[in-house]
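Take a look at the letters that make up each chain.
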Amino acid sequence: MRNPVFGGVIAVLGVIALVLVYSSAYIVSQTQQALVLRLGDPLAPVTTPGLHWKVPFIDSVVYIDNRILDLENPQQEVIAADQKRLVVDAFARYRITNPLRFYQSVGTVQGANSRLSTVLNSALRRVLGENTFTSVLRDQREALMRQIGEQVNREAANFGITVVDVRIRRADLPEANSQAVFQRMQTERQREAAEIRAQGNEAAQRLRARADREVTIVVAEANSKGEQLRGEGDAERNRIFADAYQRDPDFFAFYRSMQAYEASMKSSDTRMLLAPDSNFFRFFQNPTGVPAAGAPVAVPAAGN
């Protein structure tokens, strides 16, 4: 029969062995790198993912992120080279490339963000302060961001950090200055619009005056041509009347008398005070129109 004491010792030794193995092993994931501390003193960093070993109860492991980290910098006011105030909103992306230096200088990601934010603000003030408002907003923005990134990266190397990218998300005038600029731009656009309208009105008046002058000329020429044609028509009519009178004076006298009767008796209230034997009614007294002996004969003039 086995000794119970021996079995108990074996069990205790097994538990101790498990504890030692568990305390000696640690795992580094793909997104991490590890720094082993032996009694508080850091050893060589471990950057290879997988299972690793350490001295139990003596060594401790500090895990450091291996991914690209974000630094969101708060907005700040920067004075450009042309003395214009700018509200700048920038951010940075960085990676911990030297875990030992990182641990010794800043210790944690929060400490790194605090130190790196100070460095980024200083670089922003230096670089943007040497350039004009227009350069920051439009002309050299890409080059300025590269220059800021280089300066931040040089100082971040002291913290075991490599800056991947620095970007200016927004650079604009303060709210009060923006309103003044917008009002000045609005006034300028209104002035340009008023000037363009004035030029348009002047051109319109010029065109209207030219058109009115051309209309007057055309109407005058048309009136002149019309009067000329009327004169020629009247002359032709008088010639035809005179020719007709010369061919048959009696028929012409009869025709003109009929026209006179028609014109004088159109209205329903026509009143004429004439002697019955007057020359006007000669065709009523004698259809031939030949006046009686001794009566005067009225010969109508041609064209009346």
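These remarks concern the structure in this document. All figures in this text were calculated on a predicted structure; none of them were measured in a lab.

Conventions we followed
- Residues numbered from 1 in each chain as written.
- Predicted model: local features only at pLDDT ≥ 70, side-chain atom pairs only at ≥ 80, totals over all residues.
- Heavy atoms only, no water.
- Helix = DSSP H or I, 4+ residues; strand = E, 2+ residues; numbered from the N terminus.
- Buried < 20%, exposed > 50% of the residue type's maximum accessible area, 1.4 Å probe, protein only.
- Contact = heavy atoms within 4.5 Å.
- Areas by Shrake-Rupley, 256 points an atom, 1.4 Å probe, with all protein chains shown as cover.
- Axes fitted to C-alpha atoms, helices over the stretch in contact; angles between N-to-C directions.
- Parallel < 35°, antiparallel > 145°, perpendicular 65-115°, else oblique.
- Left-handed = near helix turned anticlockwise from the far one by under 90°.
- Nonpolar A, V, L, I, M, F, W, Y, C, P; charged D, E, K, R; others polar.
- Patch = residues over 30% accessible without salt bridge, like charges linked within 9 Å, V, L, I, M, F, W, Y side chains within 5 Å.
- Salt bridge = Lys/Arg side-chain N within 4 Å of Asp/Glu carboxyl O.
- Core = buried A, V, L, I, M, F, W, Y, C linked by side-chain atoms within 4.5 Å.
- Pairing = 2+ DSSP bridges.
- Polar contact = N/O pair within 3.5 Å; in protein donor to acceptor, adjacent residues only side chain to side chain.

### Looking at the overall build of the protein chain
Link 1 in the chain: Each helix and strand in the protein chain was counted, giving eight helices and nine strands.
Link 2 in the chain: Every one of the 304 residues in the protein chain was classed for burial, and the buried ones make up 25%.
Link 3 in the chain: Expressed as a percentage of contacts within the protein chain between residues at least 6 apart in sequence, the contacts between residues at least 24 apart total 63%.
Link 4 in the chain: Only carbon and sulfur atoms are counted for the fraction: they give 56% of the accessible area of the protein chain, which is about 20,600 Å².

### Quick notes on the packing of helix 3 (residues 109-129) against helix 5 (residues 141-156)
Link 1 in the chain: With their axes 9 Å apart at the nearest point, helix 3 and helix 5 run at an angle of 140 degrees to one another. On the basis of their axis angle, the class for helix 3 and helix 5 is oblique. As for how helix 3 packs across helix 5, the hand of that crossing is right-handed. Contacts between helix 3 and helix 5 involve Leu116, Val119, Leu120, Ala123, Leu124, Arg126, Val127 and Leu128 from the first element and Leu144, Gln147, Ile148, Gln151, Val152, Glu155 and Ala156 from the second.
Link 2 in the chain: In terms of residue class, the contact of helix 3 with helix 5 is made up of 11 nonpolar, two polar and two charged.

### Structural notes on a nonpolar patch on the surface
Link 1 in the chain: Together, Leu39, Val55, Phe57 and Ile58 give the surface a local cluster of nonpolar side chains, amounting to about 420 Å² of exposed area.
Link 2 in the chain: Note that Phe57 resides in the loop between strand 4 (50-53) and strand 5 (59-65).
Link 3 in the chain: A relative accessible area of 63% places Phe57 in the exposed class.

### Quick word on the nonpolar core
Link 1 in the chain: Within the largest apolar cluster, 35 residues are counted, with the highest numbers of intra-cluster contacts made by Leu120, Leu128, Ile148 and Val152.
Link 2 in the chain: Elements represented by at least two residues in this core include exactly strand 6 (69-72), strand 8 (85-96), helix 3, helix 4 (133-139), helix 5 and strand 9 (161-172).
Link 3 in the chain: By size, the runner-up hydrophobic cluster in this structure holds five residues, among which are Tyr26, Val28, Ala34 and Val36.

### Here's the deal with the pattern of salt bridges
Link 1 in the chain: Applying the stated criterion across every chain, the model contains 13 salt bridges.
Link 2 in the chain: Put simply, Glu188 and Arg191 hold a salt bridge, and the shortest N to O gap is 2.6 Å. One end of the pair is Glu188 and the other is Arg191, both in helix 6 (residues 175-247) and three residues apart, which spans about a single turn.
Link 3 in the chain: Overall, Arg191 belongs to the partly exposed group, its relative accessible area being 44%.
Link 4 in the chain: Between Arg206 and Glu202 there is a salt bridge; the shortest N-O distance is 3.6 Å.

### Side note on the sheet that holds strand 3 (residues 41-46)
Link 1 in the chain: Across the sheet, which stays open at both edges, the three strands sit in the order 3-2-5 with antiparallel pairing between neighbours. Every other strand in the sheet has two partners, leaving strand 3 and strand 5 as the edge strands with one partner each. With direction set aside, neighbouring strand axes in the sheet form an average angle of 30 degrees.

### Quick look at the environment of Glu77
Link 1 in the chain: Mapped onto the secondary structure, Glu77 falls in strand 7 (residues 76-79).
Link 2 in the chain: Considering only alpha carbons, one finds Glu77 and Arg125, 48 residues apart in sequence, at a separation of 8.8 Å.
Link 3 in the chain: Residues within four places of Glu77 in sequence aside, it is in contact with Arg85, Leu86, Val87, Arg125 and Pro174.
Link 4 in the chain: Only 3.2 Å separates the side chain of Glu77 from the side chain of Arg85, close enough to count as a polar contact.

### Considerations on the side chain of Asn121
Link 1 in the chain: Considering the arrangement of structural elements, one finds Asn121 in helix 3.
Link 2 in the chain: There is a polar contact of 2.5 Å between the side chain of Asn121 and the side chain of Asn73.
Link 3 in the chain: Here Asn121 is in contact with Asn73 and Gln76, once residues within four sequence places are set aside.

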